[in-house]
Amino acid sequence: MFENLQDKLQGVFRRLSGRGRLGEADVDAALREVRLALLEADVNFKVVKDFIGRVRERAVGVEVTHSLTPAQQVIKIVNEELIATLGEPARLDLDGPSPHVIMLVGLQGSGKTTAASKLALFLRKSNHRPLLVAADTRRPAAIDQLQVLGKQIDVPVHAEGTNVPPPQICANAVKLARQGAFDVIILDTAGRLHVDDALMDELAQVKAKTDPQEVLLVADAMTGQDAVRVAEAFHQRTGLTGLILTKIDGDARGGAAISIRAVTGVPIKFLGTGEKTGDLERFHPDRMASRILGMGDILTLIERAESAVDQEKAQRAGERLLAGEFNLEDFRDQLGEVKKLGPLSQLLEMIPGMGSLKQDLSPDVTDQQLKRIEAIINSMTPLERRNPKVLNGSRKRRVARGSGASVQEVNQLLGQFRQMQRMMKQFGDGKGRRGLPNIFGGLR
Ligand SMILES: Nc1nc2c(ncn2[C@@H]2O[C@H](COP(=O)(O)OP(=O)(O)OP(=O)(O)O)[C@@H](O)[C@H]2O)c(=O)[nH]1
Ligand SMILES: [Mg+2]
């Protein structure tokens, strides 16, 4: 559903990730892209404006922390604000004495009848005794449809044909529930192509007669901008308590979720993810946000980096490195920092675009190599670590024995280390200094 937006933001952040520090102009350039992507995803323009404003306020002049690059910080802020815009995770309110009435409203074809049966199944599975009510008397087929669905999920349906007014049918159902053994009543009401007064009056009467605890607007995620106006109209007349966003399995553009929530302030409670009665999910703003951002688990990675890497240490090591003083001890410390982030294979998976690299790079082997290198360095004396040149034949044999490696492997490591030192000296001379930050977590 959010693929468009996802691609766009990924594009923005790929470019950002290559930068060092972000100035006001950088933030604005990034936010221009974010804004376009949101508008293209059909998010309401007022919502976009507010959103961008909030992100900008936080992003410009942000204190660049030790462990995150400015680009990562912008991603973090966009994500946090998106979660805030999408709202708290909201549960169905079934507190207090039963029976509880849940009233479903919405435009024609938005998925009310389907959602009614999905909710009934969801409730039955969590040990409730739901009753479905056929309150759509405009379409004779609507009653059949609900009865067929009710049979499928083994939930009774209360129907009185098409001649009794819906408010009456619903009131009768509440009475029935009080006598019978039902604790939740789900009202499937009629839809209209457009919001009109006759429909709204009928819904207001149903509400007056049944005193529902939940009035849920069933909105089709494919409707985009329209969804906002519709939601506002229903909210005014029926006092919505929540939203069910349907058809998010389709190729909708995703604006509805963000817009409806932001404009009406009514929480999204469920997502419809398919045509079957089991295709209902609770709404989780954080999951939705990371899906919109399409950042994979990079957010998790950012969190881990924040807590794990001792940036001060990295900074000192980097300085020593540039001064040509970097030794095997520093090298080992750096390996330790990298390892704190988790297995290399997992790290690669979390970085967008790097997942494929994992296949070329046998992950277990890589992690094992890291351990090997560490073992070899650990078997050296402090003197040898600080000055590897003293490692003669007999010292090398001792180190190899101590670490379970071969002398050849020790030589290999020393060769690689010398090569690295040479390379780093060049950087230190000012040639290609800009390539460094990526190696030791953002040397600035
Ligand atoms: N893919 C997909 N299809 C859905 C979803 N929810 C409902 N549908 C389909 O959308 C169509 C309309 O669903 P209904 O539940 O009949 O909608 P309604 O709001 O009751 O329609 P009216 O009673 O005519 O106002 C049906 O073909 C459903 O199968 C969903 O989450 N995903
Ligand atoms: Mg229906």
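As shown above, the structure is provided for reference.
Along each chain, residue indices are assigned from 1 in the same order as the chain's sequence is written. The lettering of chains begins at A and the numbering of ligands begins at 1, in the order of writing. Local features in this predicted model are restricted to residues of pLDDT 70 or higher, and side-chain atom pairs are both shown and tallied only at a pLDDT of 80 or more, whereas totals for entire chains, interfaces and linings draw on every residue. Side-chain metrics rest on all non-hydrogen atoms present in the structure, leaving aside hydrogens and water.

### Regarding the sheet that holds strand β3 (residues 157-158)
Stated formally: Two strands are counted as paired when DSSP detects at least two bridges linking them. Strands here are runs of E lasting at least two residues and helices are runs of H or I lasting at least four, both read from the DSSP assignment and numbered beginning at the N terminus. Here, residues are in contact when the closest pair of their heavy atoms is within 4.5 Å. Helix axes are fitted to C-alpha atoms over the stretch in contact, other axes to C-alpha atoms as well, and angles between N-to-C directions run from 0 to 180 degrees.
On the basis of which strands lie adjacent, the open sheet formed by eight strands has the order β3-β2-β4-β1-β5-β6-β7-β8 and mixed pairing. Two strands bound the open sheet, and with one partner strand each, they are β3 and β8 (280-282). Pairing analysis gives six bridges linking strand β2 (residues 130-135) to strand β4 (residues 184-189), with the strands arranged parallel. Directly across from A135, in β4, lies its bridge partner T189. Relative to the sheet, helix α5 (residues 112-125) contacts β1 (100-105), β2, β4, β5 (214-220), β6 (242-246), β7 (268-272) and β8, its axis offset from that of β4 by approximately 170 degrees.

### What about the packing of helix α2 (residues 24-40) against helix α3 (residues 45-59)?
We count it as follows: Should an angle fall under 35 degrees it is taken as roughly parallel, and over 145 as roughly antiparallel, whereas 65 to 115 is taken as roughly perpendicular and any remaining angle as oblique. We call a crossing left-handed when the near helix sits turned anticlockwise from the far one by less than a right angle, and right-handed when that turn is clockwise. Three categories are distinguished: nonpolar for Ala, Val, Leu, Ile, Met, Phe, Trp, Tyr, Cys and Pro, charged for Asp, Glu, Lys and Arg, and polar for the others, with Gly belonging to the last.
In the contact formed by α2 and α3, the axes pass within 10 Å of each other and the chain directions differ by 155 degrees. On the basis of their axis angle, the class for α2 and α3 is roughly antiparallel. Of the two elements, α2 crosses α3, and the hand of that crossing is right-handed. Along the contact surface, α2 presents E24, V27, D28, L31, V34, R35, L38 and L39, while α3 presents F45, V48, F51, I52, V55, R56 and A59. Residue classes in the contact of α2 with α3 are distributed as eleven nonpolar, no polar and four charged.

### Things to note about the packing of aromatic side chains
Rule in force here: Ring pairs shown here join Phe, Tyr and Trp side chains whose ring centres sit within 6.5 Å, with only the six-membered ring taken for Trp; geometry is labelled stacked below 30 degrees between planes, edge-to-face above 60, and tilted in between. Relative accessibility under 20% of the residue-type maximum defines a buried residue, over 50% an exposed one, and the middle range a partly exposed one, all with a 1.4 Å probe and only protein chains included.
All told, the structure shown has one aromatic pair when counted by the stated rule. Centroid distance F122 to F270: 5.2 Å. Interplanar angle 75 degrees. Geometry classified as edge-to-face. Residue F122 is found in helix α5, and its partner F270 is found in strand β7; the two are separated by 148 residues along the sequence. Owing to a relative accessible area of 24%, F122 belongs among the partly exposed residues under this scheme.

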